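# Inside the fold
Chain by chain, the residues run as shown.
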Amino acid sequence: MTETLVFASAVDPVEPWRAALEALLPDVRVRTPEEIGPGDDVRYALVWKPPAGFFARHPALRLVTILGAGADALVGRDDLPDVPVARLSDPEMARMMTHYVLFAVLRYARDIPAFEAAQRAGRWHYVHPREAREIRVGVLGLGELGGAAALELARQGFSVAGWSRTPKALPGIDCHAGPDALVPFLARSEILVVMLPLTPETRRLIGADAIAALPRGAKLVNVSRGAVIDEAALVAALASGHLGGATLDVFETEPLAEGHPLWTMENVLVTPHLASVAIPASAARQIAENIRRVRAGHAPEHRVDLTRGY
């Protein structure tokens, strides 16, 4: 019997996913919501921020897969059936995220923003490079993506510390855990990389007090969710010079609103939520395997606990 997977994303094209998944699962048809007809037996959903009421139209669902690593968009929904929800865990996504984090940290470590400003002014400006081991990088969140980024930064020779809600142990990383360790961790982070999931506990965790705990002139990189940081406090710290710069891939409201002060701040780099994206050619294998597991009566791998938000 042919089953249907409904694909819903405003930013991901369906055709690469259709080709990859239907090649792995010949008895599954991938359809967009507009393509679903009365004869479709919709058992699976692959989604990124589906609209309100989306899941209520598909009462026979057996598995929901999120097009990414974060589950915050599905927390608290009243239309989600009682079925397993899985996130993507793809080595290619982790590699892409690590590349972005490494780029952002290296850009600050080598003073590239200062040289960019000097070039715009037509001014020859020399800053003597520092050794990587002298530069203290903090990775806030040591989950699958944060851990991979922290390990790569350490491999590149940076002095890397990490913070997580519960204790972690990573080779070459000075690991901190729990609320009492947050301020000391921030105080030693001259480049802070935010990689926490968005949960009720992490929403605006990095507010005015946390930002004030960072060394003056610290740089901040956010590749997690915009709402982990109090955006107004962030703008104020960038304007005052307490924060020397920020590289921001995520925002409280996306797209970033026209006229938002972050657009025009010279010490801010804005990118449109693309630090890591799902890659059909590699991630489709995980989705197909989870569908096979659910059919066999087993739990999917990388299942999300929506009560925790990750």
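Residues numbered from 1 in each chain as written. Predicted model: local features only at pLDDT ≥ 70, side-chain atom pairs only at ≥ 80, totals over all residues. Heavy atoms only, no water.

Identification of the protein chain as Glyoxylate/hydroxypyruvate reductase A from Methylobacterium hispanicum is taken from an unreviewed UniProt entry.

### Description of empty space enclosed by the protein
If you walk through the whole model with that rule in mind, you get 2 cavities of 30 Å³ or more. Considered as a void within the structure, the largest cavity measures approximately 60 Å³ in volume. Here the lining of the largest cavity is built from residues that sort into 7 nonpolar, 1 polar and 3 charged. Of the voids in this model, the second largest cavity is the one considered here, and its volume is about 40 Å³. As for the second largest cavity, its lining consists of Asn222, Gly226, Ile229, Glu231, Leu234, Leu248, Val250, Phe251 and Leu262. Taken together, the residues that form the lining of the second largest cavity break down as 6 nonpolar, 2 polar and 1 charged. (1 Å grid on protein atoms, 1.4 Å probe; cavity = no way out; pocket = protein on both sides within 12 Å on 5 of 7 lines; lining within 4 Å. Points joined across faces, edges and corners; volume = space filled by probe spheres on them. Nonpolar A, V, L, I, M, F, W, Y, C, P; charged D, E, K, R; others polar.)

### Thoughts on the pattern of salt bridges
Enumeration according to the criterion identifies 19 salt bridges in this entry. Here Glu144 and Arg87 are joined by a salt bridge, their closest N and O atoms 3.2 Å apart. Here Glu144, found in helix H4 (residues 144-155), pairs with Arg87, found in strand E5 (residues 85-87); they are 57 residues apart in sequence, far enough to count as distant. Each member of the salt-bridge network shares a partner with another, and the members are Arg130, Glu134, Arg136 and Glu190. (Salt bridge = Lys/Arg side-chain N within 4 Å of Asp/Glu carboxyl O. Helix = DSSP H or I, 4+ residues; strand = E, 2+ residues; numbered from the N terminus.)

### Some thoughts on the pairing of strand E7 (residues 159-164)
With 5 of its 6 residues buried, E7 lies for the most part within the structure. At this point the chain moves from strand E6 (residues 136-140), through H4, to the parallel E7, and the crossover so formed is right-handed. Pairing of E7 with strand E8 (residues 174-177) involves 4 bridges; the strand directions are parallel. Paired with Ala161 across the strands is Asp174, a residue of E8. (Buried < 20%, exposed > 50% of the residue type's maximum accessible area, 1.4 Å probe, protein only. Right-handed = clockwise from strand over helix to strand, strands pointing away. Pairing = 2+ DSSP bridges.)

### Regarding the nonpolar core
Counting 40 residues, the largest nonpolar core has Leu5, Trp17, Phe55 and Val64 as the members making the most contacts within it. Secondary structure elements with two or more residues in this core: strand E1 (3-9), helix H1 (14-24), strand E2 (28-31), strand E3 (42-48), strand E4 (63-66), E5 and helix H8 (280-295). Core analysis: the next-biggest nonpolar cluster, separate from the first, contains 34 residues, Val194, Leu198, Ile206 and Leu234 among them. (Core = buried A, V, L, I, M, F, W, Y, C linked by side-chain atoms within 4.5 Å.)

### Structural notes on the packing of helix H2 (residues 91-109) against H4
Remark: H2 packs on H4, axes separated minimally by 9 Å, with the N-to-C direction vectors making an angle of 50 degrees. Judged on the interaxial angle alone, H4 and H2 are oblique. Seen from above, H2 lies across H4 with right-handed handedness. Residues Met93, Ala94, Met97, Thr98, Val101, Leu102 and Val105 of H2 form the contact with H4, whose own contacting residues are Leu145, Ala148, Ala149, Glu152 and Leu153. (Axes fitted to C-alpha atoms, helices over the stretch in contact; angles between N-to-C directions. Parallel < 35°, antiparallel > 145°, perpendicular 65-115°, else oblique. Left-handed = near helix turned anticlockwise from the far one by under 90°. Contact = heavy atoms within 4.5 Å.)

### Re the sheet that holds strand E9 (residues 191-194)
One open sheet holds the 7 strands; their spatial order is E8-E7-E6-E9-E10-E11-E12, and the pairing between them is parallel. Edge strands, defined here as strands with exactly one partner in the open sheet, are E8 and strand E12 (268-270). Here the average twist between neighbouring strands, direction ignored, is 15 degrees. H4 contacts E6 and E7 of the sheet and is inclined by roughly 170 degrees relative to E6. Each of strand E11 (243-248) and E12 touches helix H7 (residues 231-240); the most contacted strand, E11, lies at about 135 degrees to it.

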